[in-house]
Amino acid sequence: MRTYTKIRQLLARQPLGETVRVAGWVRTRRDTGGFSFIEVNDGSCLGNLQVIADKRLGNYEAGIKRLTAGCSVEVEGTVQESPARGQAVELVAAEIKVVGWADPETYPLQKKRHSFEFLREIAHLRPRTNALGAVARVRSRLAYAVHAFFQERGFIQVHTPIITTSDCEGAGEMFQISTGQPSGGPGTDFFGRRAGLTVSGQLQAEVYALALGDVYTFGPTFRAENSNTSRHLAEFWMIEPEMAFCDLAGNRRIAEELLKYLLDDILAACAEDMELFDRFIAKGLVERLRSVAGQDFAHITYTEAVEELQHSGRTFDFPVRWGIDLQSEHERYLTDEVYRRPLVVTDYPAAIKPFYMRINDDGRTVAAMDILVPGIGEIVGGSQREERYEVLERRMQEAGIDLDDYRWYLDLRRYGTVPHAGFGLGFERLVQFVSGMANIREVIPFPRTPGFAPC
RNA sequence: UCCUCGGUAGCUCAGUCGGUAGAGCGGGUGGCUGUUAACCACCUUGUCGGCGGUUCGAAUCCGUCCCGGGGAGCCA
C-alpha cells in the first residue's frame, strides 16, 4: 500500500524541498506555454494543492493535457515555495498518474457555483464541491466533539434500539416495519406485535440513566411526518443525554454547556471551513457564533414569554394567550428580534406537552424546556421526567396510553425512582446553526424527505 | 398536508399580444499568457417537467399530476 500526504498536512507544514505523494481529484487545469497548473483536492481540507506539470513529463500530451474537473490523480513531486500570489506552496510534479477519467461532456460539476437544489439531485457527487465538503468535515468534527463533551464528563453512551415497539408521545408518526409477510395482523409478522423505527431513544435512555447515572445516545431517528420544510427530515440524528439525580435547572445547564463547547471546538478545529461559510453562506456567522459561545443564554418561562408577546405591541397571525403552543412567528420574534441569542423557554402548560414531563407544583405546568436559536427555532427539546409513580400513571391514563405496554417504564418509578432529566438535540439542526446552511437537506449526506430517497 | 411562487440547453436564466426558442456560463477546437472566477477567436447545446384539453397554430391559455423554492403545521 502506498502512503500519501494529506493536502491538509502539506499546506499546514509546508515541507519545502521534500518529495511527497498526494492523491485526489482535479478541480481545474490551466495551461501556459510550457506547463500546466492543476488544482488538486483530496477532501482533507477546503484548500486545493496547485500542481505544476511541465510539458516534458512523459504523459503530458496524452494524459495531463486531457485532465478536467473530476479526474482522479496521483502526483509525486517536490514541494516548493510558490512564486505567484494565491498560494504559499505548490507541488512541482515529477510524475502524474491519471487514476480515473471524468468525461467533461457529462460530468455534472462545473467550475462555477451550482445551486444547492441542483446539487441535491446529484447527492453522489456533491461532496466534491467546496461547500458540501466543508459541511461533511464540520459535521464529522461536531460528532466527535459531542462524544468528547460527554465522555469527558463521565457520561456513558447507550445504543438504544432503532427498531422499537414503544412510541414516544409527542415525537411524531412512526414508520411501521414489516417483512412483508403478515401472519397475525398488520405489522405483527416478525416481532409478534406492531414495530417501527424509533422516533426517540429517550424512554430506553431513561432505563440506563436509572442504572448508570449519566448517559447519552447519539443515533438515527425516524419520523414519518409529511413535513416539507427546510428544518425537517424523515431520517435524522439526535443526541439525547439523560441524567439521573438531575432537575430541570441541571438539564438546562448541561444543554447550554454542550452547545457552547461545540461552538468553541468547531471554531478552533474547522477554522478554514467556517471561514468559507462566513464568506459565502452566512455573512457574519463566525462572529455570531463566538458571541453565542461567550455569553449566557437567555432564559424565560413560558408564562413570561406569553406576557412578553402580549405586551410587544405586535399583532401576530396567531393571537397569544396562556395555554396555546408558541407558534413559529412567536418564537422568531423572541429569538430574532428581542433576545438575538439562544433563548431557553421553560415550564410549558402541561396540556400541550407529553405525559412523561414532570408536573410542577402549580399543577398546570410541566418542567419542560425548549432551546430556540435565531434563524432555526427549536434546536433542543427536553424536560425533567415525571418520577412519581402515581402522578405518571395518572398522566398516562389521561393520555389514553395502554399501561400494559409501558409496565417497564412505570417500573423505573416503582423501584428506586429518582428525579431525572434529559433533552434531545437535533444534530442536523446543530450543523445548520453552525454552518449557516439554510436548508437541512444540505447538512446530512443523504437526506430523506417525503418522496425523496434516491440512493 | 395547506398557502404561495416556480419548472425553458449540462448549469443559471430571458422569452413581448398564442405564430414554431435565446443569452451568459459550461463543453469542443485553435491561439496566448507563472496561471489561479484566466484571457481571445470560432464551434456546440432543447421531450420548453409529464399527461390531457382549447386553438388553424401552445414554452405561452385551461385542467390534472410530478418535482423544487419560500411560508405554515408536525418537531429535533
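Treat the numbers as computed from the prediction; the structure is a model and nothing was measured. (Residues numbered from 1 in each chain as written. Chains lettered and ligands numbered in written order. Predicted model: local features only at pLDDT ≥ 70, side-chain atom pairs only at ≥ 80, totals over all residues. Heavy atoms only, no water.)

Considering the confidence of the model for chain A
The condition is simple: pLDDT measures how confident the predictor is about each residue, on a scale from 0 to 100.
Averaged over all residues, the pLDDT of chain A equals 92, while 97% of them reach at least 70. Model confidence for the complex: the whole-complex pTM is 0.94, and ipTM, which rates the interface, is 0.90.

What to know about the protein's contact with RNA strand B
Test applied: Think of it this way: one heavy atom of a residue within 4 Å of a molecule or strand is enough to make that residue near it. Two N or O atoms count as a polar contact when they lie within 3.5 Å, although within protein this holds only if one can serve as hydrogen donor and the other as acceptor, and sequence-adjacent residues are included solely when both atoms are side-chain atoms. Helix numbers and strand numbers start at the N terminus; a helix is a DSSP run of H or I with at least 4 residues, a strand a run of E with at least 2. Residues were grouped as follows: Ala, Val, Leu, Ile, Met, Phe, Trp, Tyr, Cys and Pro as nonpolar; Asp, Glu, Lys and Arg as charged; and all remaining residues, including Gly, as polar.
Around RNA strand B sit 51 residues, and of these Arg-85, Lys-111, Asn-226, His-232 and Arg-429 come closest. At a separation of 2.4 Å, a base oxygen of RNA strand B approaches a polar side-chain atom of Ser-227. Within the side chain of Gln-327, a nitrogen or oxygen atom sits 2.7 Å from a phosphate oxygen of RNA strand B. For the surface near RNA strand B, the secondary-structure elements that each account for two or more residues are strand 1 (19-31), strand 2 (35-41), strand 3 (49-54), helix 2 (116-121), strand 10 (235-244), helix 9 (328-339), strand 14 (377-384) and strand 15 (420-426). Looking at the surface near RNA strand B, the element that brings in the most residues is strand 14, giving four residues. Along the lines of polarity and charge, the residues of the surface near RNA strand B split into 13 nonpolar, 21 polar and 17 charged.

Some points on the packing of aromatic side chains
Threshold: Stacked, tilted and edge-to-face pairs are distinguished by plane angle, under 30 degrees for stacked and over 60 for edge-to-face with tilted covering the rest, among Phe, Tyr and Trp rings (Trp via its six-membered ring) whose centres lie within 6.5 Å. For every residue, the accessible area obtained with a 1.4 Å probe (protein chains only) is divided by the maximum for its type, and the residue is called buried under 20%, exposed over 50%, and partly exposed between those limits. Only lysine NZ and arginine CZ atoms are considered, and such an atom sits over a ring when it is within 6 Å of the ring centre and within 35 degrees of the ring normal.
Within this structure, the stated rule accounts for 15 aromatic pairs. With 5.8 Å between their ring centres and 75° between their planes, Trp-408 and Tyr-409 make a pair best called edge-to-face. Taking relative accessible area as the criterion, Tyr-409 reaches 0% and is therefore assigned buried. In this structure an aromatic cluster arises from ring pairing among Phe-149, Phe-150, Phe-155, Tyr-216 and Tyr-261. Positioned over the ring face of Trp-322 is Arg-364, at 3.9 Å from the centre of the ring.

Some points on the state of the cysteines
The following threshold applies: We call a pair of cysteine sulfur atoms a disulfide whenever their separation is within 2.5 Å.
Considering all chains together, one arrives at zero disulfides under this definition. Of the cysteine sulfurs around Cys-270, a residue in no disulfide, the closest is that of Cys-45, at 11 Å.

Thoughts on helix 6 (residues 271-281)
How we decide: Every residue pair with non-hydrogen atoms within 4.5 Å of one another is taken to be in contact.
Along helix 6, the positions that sit buried rather than exposed are Asp-273, Met-274, Leu-276, Phe-277 and Asp-278. Of the surrounding elements, those touching the buried residues of helix 6 are helix 3 (130-152), helix 5 (248-269), helix 7 (285-294) and helix 12 (427-435).

Comments concerning a nonpolar patch on the surface
Which entries qualify depends on this criterion: Think of a patch as exposed residues, more than 30% relative accessible area, with no salt bridge, where like charges cluster within 9 Å and nonpolar side chains (Val, Leu, Ile, Met, Phe, Trp, Tyr) cluster within 5 Å. For accessible areas, the Shrake-Rupley method is used with a probe of radius 1.4 Å. Any residue's cover is judged against the shown protein chains and nothing else. Note on definitions: salt bridges are taken to be side-chain nitrogens of Lys or Arg within 4 Å of carboxyl oxygens of Asp or Glu.
A cluster of nonpolar side chains, contributed by Ile-162, Ile-163, Phe-190 and Phe-191, occupies part of the molecular surface with about 400 Å² of accessible area. Tracing the backbone through its elements, the reader meets Phe-191 in the loop between strand 7 (163-164) and strand 8 (196-197). Since its relative accessible area comes to 41%, Phe-191 is described here as partly exposed.

Considerations on the sheet that holds strand 10
Counted only if it meets this: Two strands pair under a simple rule: DSSP has to find at least two bridges between them. Think of each axis as a best-fit line through the C-alpha atoms, taken over the contacting stretch in the case of a helix, with angles from 0 to 180 degrees between the N-to-C directions.
What the eight strands build is an open sheet, ordered 6-9-10-15-14-13-12-11; its pairing is mixed. Because the sheet does not close on itself, it has two edges, and the strands there are strand 6 (156-157) and strand 11 (298-301). Bridging between strand 11 and strand 12 (residues 343-349) involves four bridges; their strand directions are parallel. Its bridge partner being in strand 12, Thr-301 is matched across the sheet by Thr-346. Strand contacts of helix 3: strand 6, strand 9 (214-222) and strand 10, with the helix running at about 155° to strand 9, the strand carrying the most contacts.

Observations concerning the sheet that holds strand 5 (residues 89-100)
As a general point, the strands of a sheet are linked pairwise by backbone hydrogen bonds and lie either parallel or antiparallel. The five strands lie next to each other as 1-2-3-5-4, forming a closed barrel whose pairing is mixed. Recorded for the sheet is a direction-independent mean angle of 55° between the axes of neighbouring strands. Note: strand 2 against strand 3, six bridges, orientation antiparallel. Across the sheet, Glu-39 pairs through a bridge with Gln-50, a residue of strand 3.

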